[in-house]
Amino acid sequence: LVSGAMFYANFENERRSRPILAWAHPTTGVTRDCSPTRRTDVFNKIPGIEALVRAGFAVIATDYAGFASVDPHPYLVGKSHARSVLDAVRAVRQFRKFRSSNRFAVWGHSQGGHAALWTGELQPIYAPELELVGVAAAAPATQLPDLFRSNVGSIWGNALTAMALHAWSHVYKIPASTVIHPAATPAYRRLARDCLMSLSDVLKILRDERPLEKGPFFLRNPTEVPAWRQIMDINSPGQRAIAAPVLIAQGRRDRIVPHRITERFVADGCASGTRIHYVDLPRTDHMYAAEHSARYTVAWIKARFAGRRANRFC
């Protein structure tokens, strides 16, 4: 069971088929309380949505699997996220208030960038009846082992690691206690169930993470434990080339998804045959990667639907 929200404008005497834009949200947490559609400001959390809706797009925003049914949701599990996005697009096509095309684009930020890239890889297999015209990803989580290594010890790195280990321990049935230090377990459990959608959420994470600054978090680094490393490897995007054009926007001031990791992913994707256009954001950190690239990304998405050839970085 997957929940989500759809946004569109009412046009009188609408005859054309509406293009579909699937939005994949960044990290909000992994428990049911952290579902984006449980909050009232979903519309305002999607960069560029006003321009897309005015242009006639049907914008579908999935919560991903799990938020509506199980707890925790399968955070950073690539195939699960891609299926959620693709099933959301299928749901739009069942909506009878207007005609919708089978053509769609996907755009995501951070966790959502990971989901968008996985959507591009899985679409020909899972939803061949759909036509994917473009994949846009802002500061995407890509090479997961490298991201985990780069984030260990930072406030947000500890919080996101706790969420990932909590989710993966349930999905893959591996006890988190195999890598979490006993003294860190209470803080880990609190962080794993925190949300990340408001200022009060941020303040709670800062409080809950503080004990990890005073003592060890891990018994062993998960990237060095074969079972956990395998989870990271199989859920990293880049398992196969993406047929549709890809846009990746990355901030150089990003401390959560360092630009060097994204640039390495871009180079690997180019070598595998994916058509990638890379947008460098020199003054942008992780939080604002989607917002600061929104105007460019919306124009790029419109151009894909118009059939114009995408510029290539590689």
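Here the structure is shown first, and the text comes after it.
About the cut-offs
- Residues numbered from 1 in each chain as written.
- Predicted model: local features only at pLDDT ≥ 70, side-chain atom pairs only at ≥ 80, totals over all residues.
- Heavy atoms only, no water.
- Pairing = 2+ DSSP bridges.
- Helix = DSSP H or I, 4+ residues; strand = E, 2+ residues; numbered from the N terminus.
- Axes fitted to C-alpha atoms, helices over the stretch in contact; angles between N-to-C directions.
- Contact = heavy atoms within 4.5 Å.
- Buried < 20%, exposed > 50% of the residue type's maximum accessible area, 1.4 Å probe, protein only.
- Phe/Tyr/Trp six-rings, centres within 6.5 Å; stacked < 30°, edge-to-face > 60°.
- Polar contact = N/O pair within 3.5 Å; in protein donor to acceptor, adjacent residues only side chain to side chain.
- Disulfide = S-S within 2.5 Å.

Caption draft 1: Quick peek at the sheet that holds strand β6 (residues 246-251). The strand order across the open sheet formed by seven strands is β1-β3-β2-β4-β5-β6-β7, and the pairing between neighbours is mixed. The sheet is open, and its two borders are formed by β1 (2-7) and β7 (276-281), each paired with just one other strand. Ignoring strand direction, the axes of neighbouring strands in this sheet form an average angle of 20°. As judged from the seven bridges shared by strand β4 (residues 100-109) and strand β5 (residues 131-138), these two strands associate in the parallel manner. By the bridge assignment for β5, His-109 is matched with Ala-138. Contacting β1, β2 (18-24), β3 (58-65) and β4, helix α2 (residues 78-93) runs over the sheet at an angle of about 140° to β3.

Caption draft 2: Up close: the side chain of Ser-35. Note on placement: Ser-35 falls in the loop between β2 and α1 (49-54). By relative accessible area, which is 2% here, Ser-35 ends up buried.

Caption draft 3: Fine view of the packing of aromatic side chains. According to the stated counting rule, one finds eight aromatic pairs in the structure shown. Between Trp-23 and Trp-107 the ring centres are 5.3 Å apart and the planes differ by 85°, which places this aromatic pair in the edge-to-face class. On the criterion of sequence distance, the pair formed by Trp-23 in strand β2 and Trp-107 in strand β4 is long-range, its members being 84 residues apart. Residue classification places Trp-23 among the buried residues on the basis of a relative accessible area of 4%. Through successive ring pairs, a cluster of aromatic residues spans Tyr-8, Phe-95 and Phe-98.

Caption draft 4: Examining the environment of His-170 more closely. Mapping His-170 onto the fold places it in helix α5 (residues 155-171). Sequence separation between His-170 and Pro-74 is 96 residues; the distance between their C-alpha atoms is 8.2 Å. Only 3.4 Å separates the side chain of His-170 from the side chain of Ser-169, close enough to count as a polar contact.

Caption draft 5: Up close: the environment of Ile-49. Relative to the helices and strands, Ile-49 is located in helix α1. Among the residues examined, Ile-49 registers a relative accessible area of 3% and is labelled buried. Between the C-alpha atom of Ile-49 and that of Val-298, which follows or precedes it by 249 residues, the distance is 8.7 Å. Ignoring sequence-local partners within four residues, the contact set of Ile-49 consists of Phe-7, Phe-43 and Val-59.

Caption draft 6: Spatial organisation of the state of the cysteines. This model, assessed by the stated rule, comprises one disulfide. Here Cys-34 is linked by a disulfide to Cys-195, with a sulfur-sulfur distance of 2.0 Å. The sign of the -90° torsion about the S-S bond sets the Cys-34-Cys-195 disulfide as left-handed. A residue pair is termed long-range when its members are at least 10 positions apart, and Cys-34 in the loop between β2 and α1 and Cys-195 in the loop between α6 (185-192) and α7 (199-209) qualify at 161 residues.

Caption draft 7: Geometry of the environment of Ala-303. Along the chain, Ala-303 turns up in helix α11 (residues 294-305). Here Ala-303 falls in the buried class, since its relative accessible area comes to 8%. Distance in space between the C-alpha atoms of Ala-303 and Val-133 is 9.6 Å, their sequence separation being 170 residues.

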